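# A closer look at the structure
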Number of protein chains: 2
Amino acid sequence: MATPRKVCVIGCGNWGSAAAKLIAENTTRLPEFDDTVRMWVLEEVYQGRKLSEIINTDHENKKYLPGIKLPHNLIGVPDMKECVQESDLFVVVIPHQFVKSTAKKMMECGPLRPGTICISLVKGIVLTESDVILFTDMLEDELKVPCLALSGANVAQNVAMEEFSEATIGYKSKEHALLCQKLFDRPYFKIRCVPDVAGVQVFGAIKNLVAIAAGFCDGLGLGSNTKAAIMRLGLKELYKFCQKFFKDASKDVVFESAGVADLITTCIGGRNVRCAAEFARHGGKKSWTDIENEMLNGQKLQGTSTAKEVYHVLKANNLVEEFPLFVVTYKIAYEGGHPSELIKQFSVYTLEDF
Amino acid sequence: MATPRKVCVIGCGNWGSAAAKLIAENTTRLPEFDDTVRMWVLEEVYQGRKLSEIINTDHENKKYLPGIKLPHNLIGVPDMKECVQESDLFVVVIPHQFVKSTAKKMMECGPLRPGTICISLVKGIVLTESDVILFTDMLEDELKVPCLALSGANVAQNVAMEEFSEATIGYKSKEHALLCQKLFDRPYFKIRCVPDVAGVQVFGAIKNLVAIAAGFCDGLGLGSNTKAAIMRLGLKELYKFCQKFFKDASKDVVFESAGVADLITTCIGGRNVRCAAEFARHGGKKSWTDIENEMLNGQKLQGTSTAKEVYHVLKANNLVEEFPLFVVTYKIAYEGGHPSELIKQFSVYTLEDF
């Protein structure tokens, strides 16, 4: 039996704390892992006390996951050096804009222990003007260790409350996949694995674009069969996008929680759908900023910016013709296309098309 | 250019009349087809007049598709002999229990013209104690001509009102597929084709079983991520069912209207979901008959009988272990399993499982 893995969660936000909770439930019962789970805390003061002290004394992250008891073997550690030097399995779950800087900070505290692996729970992907960058690739580049990804149809608060949901792990090495599956799998949080690190992340990021199209459908008062047609085409274009940009893309992810399940929940409810419906009800004449201010207290929508970035990547790669739904969604959202254009893209096609 | 095909719709119900309408819209503008479309009418008297006379005088099927104007080139023909002898493309759209007898009746009026083809819009499949029989196979056996299938996320009334939806044609011969695509494709009814006659029919029939499971979810008050997990697993088992029973099963159908789209709409709304939710709210203690009487005016649910038939077919083929969702749905519906058993079947599995 190999030495038990020592797990550290990098990030103590809502999802980080929920993930750390279920991981700490598993490490005490599995021989593959050391009981203690560290959670790196970017120290801050909350209600007059240090956040790490609140976590370690009250066993609750009162700021980011209030009301949920955390296991006693989960400890908040503000010292990155201790986290890095004492751990060999990192669960990275921080906002996307901090991934690179945090990885660099980890390396400054290194070296990482031999055999270290990493799994990213970061939401999103990076869309540059012409390319698609995965956070797993960014982490592998910085940390020089293998990196898996986890995504799926789940919500931090519900996972913390132990409501049933699922997630998908994308992997390259089967051995690492099995280890991470054991680390995350709970009776209320079931994990399945696919050999498609990119697919798991791309679906998780670009589903929000499809949700914008689904919201247009709602706002136009179209029926459930029309909306299902939009979601179906969205699923197909998501898979095609993976294929175009990543050579290992597999259809398997479609059948998983990170694939069709996450797409369904995101297109049925959620802020992207609600705001896009409002946009369509106003015939595209109400600005996204006004909608965000009214409906999201000024928070930003992900689906609209994703639509814009995806469009630019497609254009730079001469792929506009092959993604009619992604493109029409962008054109309605940003170039004055009327929301009713949405279904016109289901134009005549032959047997081989799409 | 070949002689134009002469089309006859066998059946004049709700879906038959809506299909005949869009077909007749197409035949007048396409050189591949003779303008006239016959619709075989099982003659009956409605409001003191013969149904065929109403259709041919008022250009409306007042009994089965009231309020919708039918094209003048669509004629109701009560004489099966005329239908059979004057046509070489049959669209069969009759209730499943009448398929065999109607095909026999057609043959009595034969012979069918050389080169005749047939496309089935019949809903369902036949599940015997140990086997799965497709209506396309039944029609091919009886009529001795090639038979395609059409299914998808669409509702007769909405198609008649020209609300946008899609459908999928399952084919063996590409030439026949292209011809049928032309016959059915309208700006408001888009057709795509897959080389999987079985898949198109199996998804259309067994989706109702998954909708029962989705309804249990609703009745238990579980969240959208749990329901998405059920639908995802349903999609996977539907595909696996096709694979086990039909050697040509293709993953393609999953991405089509007859696949994921029809599953989504069926699991989100509809009678199967509503009745199953009621069943779960009563902890399985209220009988299906009572539920049908109260909620469907005594009409029968399809999903429950499908669940029972599928279970028997799986059992006879030693496949119970491989279809946990289908099986648990049956056990809850018929063997006193508590609805909460539903999520217990997401038990621990390894990387290779499912």
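Residues numbered from 1 in each chain as written. Chains lettered and ligands numbered in written order. Predicted model: local features only at pLDDT ≥ 70, side-chain atom pairs only at ≥ 80, totals over all residues. Heavy atoms only, no water.

## Looking at the overall build of chain A
What counts is decided by this rule: Strands here are runs of E lasting at least two residues and helices are runs of H or I lasting at least four, both read from the DSSP assignment and numbered beginning at the N terminus. Only C-alpha atoms enter the radius of gyration; for comparison, a globular chain is expected to reach 2.2 Å times N to the power 0.38, where N is the number of residues. Only protein chains enter the area calculation, which uses a 1.4 Å probe; residues under 20% of their type maximum are buried, those over 50% are exposed, and those in between are partly exposed. Residues are treated as being in contact if the distance between any of their heavy atoms lies within 4.5 Å. Surface accessibility in these figures is a Shrake-Rupley result with a 1.4 Å probe; residues are shielded only by whichever protein chains are displayed.
Broken down by element type, chain A carries 14 helices and 12 strands. In terms of overall dimensions, chain A is globule-like: its C-alpha atoms have a radius of gyration of 21 Å, near the 20 Å expected for 354 residues. For the C-alpha atoms alone, the extent of chain A along its principal axes is close to 60 × 45 × 35 Å. Sorting the 354 residues of chain A into buried and exposed places 61% on the buried side. Excluding contacts between residues fewer than 6 apart, the proportion of contacts in chain A whose partners are at least 24 apart in sequence is 72%. Working note: accessible area of chain A is about 13,600 Å², and carbon and sulfur atoms make up 50% of it.

## Some thoughts on the interface of chain A and chain B
Quick note on the threshold: The salt bridge definition used is simple: a Lys or Arg side-chain nitrogen within 4 Å of an Asp or Glu carboxyl oxygen. Charged means Asp, Glu, Lys or Arg here, nonpolar means Ala, Val, Leu, Ile, Met, Phe, Trp, Tyr, Cys or Pro, and polar covers whatever is left, Gly included.
Taken together, the contact between chain A and chain B spans 48 residues of the former and 48 residues of the latter. Linking chain A with chain B are eight salt bridges. A salt bridge links Arg232 of chain B to Glu166 of chain A; the nearest nitrogen and oxygen atoms lie 2.7 Å apart. Of all the elements in the fold, those that place two or more residues in the side of chain A that touches chain B are strand 11 (165-170), helix 7 (174-184), strand 12 (189-194), helix 9 (224-245) and helix 10 (257-268) of chain A. Across the side of chain A that touches chain B, the residue classes tally to 25 nonpolar, 11 polar and 12 charged.

## Let's talk about the pairing of strand 12 of chain A
Counted residue by residue, strand 12 of chain A has six buried out of six residues, so it is predominantly covered. Side-chain alternation along strand 12 of chain A places Phe189, Ile191 and Cys193 of chain A on one buried face and Lys190, Arg192 and Val194 of chain A on a second face that is also buried.

## Examining the relation of the copies chain A and chain B
The operation relating the pair of chain copies consists of a rotation about an axis and a translation along that axis. Stated precisely, the cut-off is as follows: A least-squares fit on C-alpha atoms brings the copies together, and the residues used are those whose pLDDT is at least 70 in both copies.
Here chain A sits on chain B after a turn of 180 degrees about the axis and a move of 0.0 Å along it, with an RMSD of 0.0 Å. Here the two chains are linked by the operation of a two-fold rotation axis. The position closest to the rotation axis in chain A is occupied by the C-alpha of Ile264 of chain A, lying 3.9 Å away. When the interface residues of chain A are mapped onto chain B, 100% of them are again interface residues, pointing to one common binding face.

## Some details on the packing of aromatic side chains
What counts here: Between the rings of Phe, Tyr and Trp (Trp by its six-membered ring), a pair exists once the centres lie within 6.5 Å; its type follows the angle of the planes, with under 30 degrees stacked, over 60 edge-to-face, and the other angles tilted.
A full pass over the atoms with the stated rule returns 22 aromatic pairs over all chains. Between the aromatic rings of Tyr311 of chain A and Tyr330 of chain A, the centroid separation amounts to 4.0 Å while the plane-to-plane angle is 10 degrees, which identifies the pairing as stacked. Of this pair, Tyr311 of chain A sits in helix 13 (residues 302-316) while Tyr330 of chain A is found in helix 14 (residues 324-334), placing the two residues 19 residues apart along the sequence. Here Tyr311 of chain A matches Tyr330 of chain A in class, with each residue buried. Centroid distance Tyr330 of chain B to Tyr334 of chain B: 5.8 Å. Interplanar angle 35 degrees. Geometry classified as tilted.

## Regarding the sheet that holds strand 7 (residues 117-120) of chain A
All names here are of chain A. Threshold: By the convention used here, strands pair only if DSSP detects at least 2 bridges between them. The convention used is that axes are lines fitted to C-alpha atoms, helices contributing only their stretch in contact, and that angles between N-to-C directions extend from 0 to 180 degrees.
Pairing within the open sheet is mixed, and its eight strands lie in the order 5-2-1-6-7-10-11-12. For this open sheet the edge positions go to strand 5 (74-77) and strand 12, each flanked by a neighbour on one side alone. The sheet shows a mean angle of 25 degrees between the axes of neighbouring strands, direction not considered. Inspection of the sheet shows strand 2 (residues 33-40) paired to strand 5 by four bridges, in the parallel sense. Directly across from Met39, in strand 5, lies its bridge partner Gly76.

## Notes on the pattern of salt bridges
Opposite charge on two side chains makes pairing possible when the charged atoms of those side chains draw close. Overall, the coordinates contain 55 salt bridges over all chains when judged by the stated rule. Residue Lys62 of chain A pairs with Asp58 of chain A through a salt bridge whose shortest N-O separation is 2.9 Å. It is possible to trace a salt-bridge network through shared partners that takes in Glu166, Arg192 and Glu256 of chain A together with Arg232 and Lys236 of chain B.

## Notes on the pairing of strand 11 (residues 165-170) of chain B
Residue and element names in this part refer to chain B. What counts, and what does not: Every crossover in which the path from the first strand over the helix to the second runs clockwise, viewed with the strands pointing away from the viewer, is termed right-handed.
In terms of burial, strand 11 is a largely internal element, six of the six residues being buried. As paired elements, strand 10 (residues 147-151) and strand 11 share three bridges and run antiparallel to each other. Each bridged residue has a counterpart across the sheet, and for Ser151 the counterpart in strand 11 is Thr168. Sheet analysis places strand 11 next to strand 12 (residues 189-194), joined by six bridges and oriented parallel. In the strand pairing of strand 12, Ser165 is matched with Phe189. In terms of handedness, the path from strand 11 via helix 7 (residues 174-184) over to strand 12 forms a crossover that is right-handed.

## What about the UniProt feature "binding site: substrate" (unreviewed entry) in chain A?
All names here are of chain A. What counts, and what does not: UniProt positions are given in the numbering used here, feature names are shortened, and annotations may be inferred rather than shown by experiment. Pairs of N or O atoms within 3.5 Å make up the polar contacts considered here, provided that, within protein, one atom can donate a hydrogen while the other can accept it, and that residues adjacent in sequence are counted only when both atoms are side-chain atoms.
In the numbering used here, UniProt assigns the "binding site: substrate" (unreviewed entry) feature to Lys123, Arg271 and Asn272. Tracing the sequence through the fold places Lys123 in the loop between strand 7 and strand 8 (126-127). Structurally, Asn272 can be placed in helix 11 (residues 271-281). Residue classification places Asn272 among the buried residues on the basis of a relative accessible area of 4%. Not counting chain neighbours up to four residues away, the residues in contact with Asn272 comprise Asn208, Ala211, Ile212, Leu301, Gln302 and Gly303. A distance of 3.2 Å separates a polar atom in the side chain of Asn272 from a polar atom in the side chain of Asn208.

## Overview of the side chain of Glu25 of chain B
All names here are of chain B. Tracing the sequence through the fold places Glu25 in helix 1 (residues 14-27). Within the local environment of Glu25, its side chain forms a polar contact with the side chain of Lys21, the two groups lying 2.7 Å apart. Polar contacts involving the side chain of Glu25 include one to the side chain of Arg186, which spans 2.8 Å. When sequence neighbours within four positions are dropped, the list of residues in contact with Glu25 reads Pro71, Glu162, Arg186 and Tyr188.

## So, the UniProt feature "domain: Glycerol-3-phosphate dehydrogenase NAD-dependent N-terminal" (unreviewed entry) in chain A
Per the UniProt record, "domain: Glycerol-3-phosphate dehydrogenase NAD-dependent N-terminal" (unreviewed entry) is found at residues 6-176 of chain A. Helix makes up 32% of residues 6-176 of chain A and strand makes up 26%, while its end C-alpha atoms are separated by 14 Å.

## As for the sheet that holds strand 1 (residues 5-10) of chain B
Residues and elements named next belong to chain B. Taken in spatial order, the eight strands line up as 5-2-1-6-7-10-11-12 in an open sheet, and their pairing is mixed. In this open sheet, the two edge strands, each paired with only one partner strand, are strand 5 (74-77) and strand 12. Averaged over all pairs of adjacent strands, the angle between strand axes in this sheet comes to 25 degrees, irrespective of strand direction. In terms of strand pairing, strand 1 meets strand 2 (residues 33-40) through five bridges, oriented parallel. Residue Val7 lies in a different strand from strand 2, and its bridge partner there is Val37.

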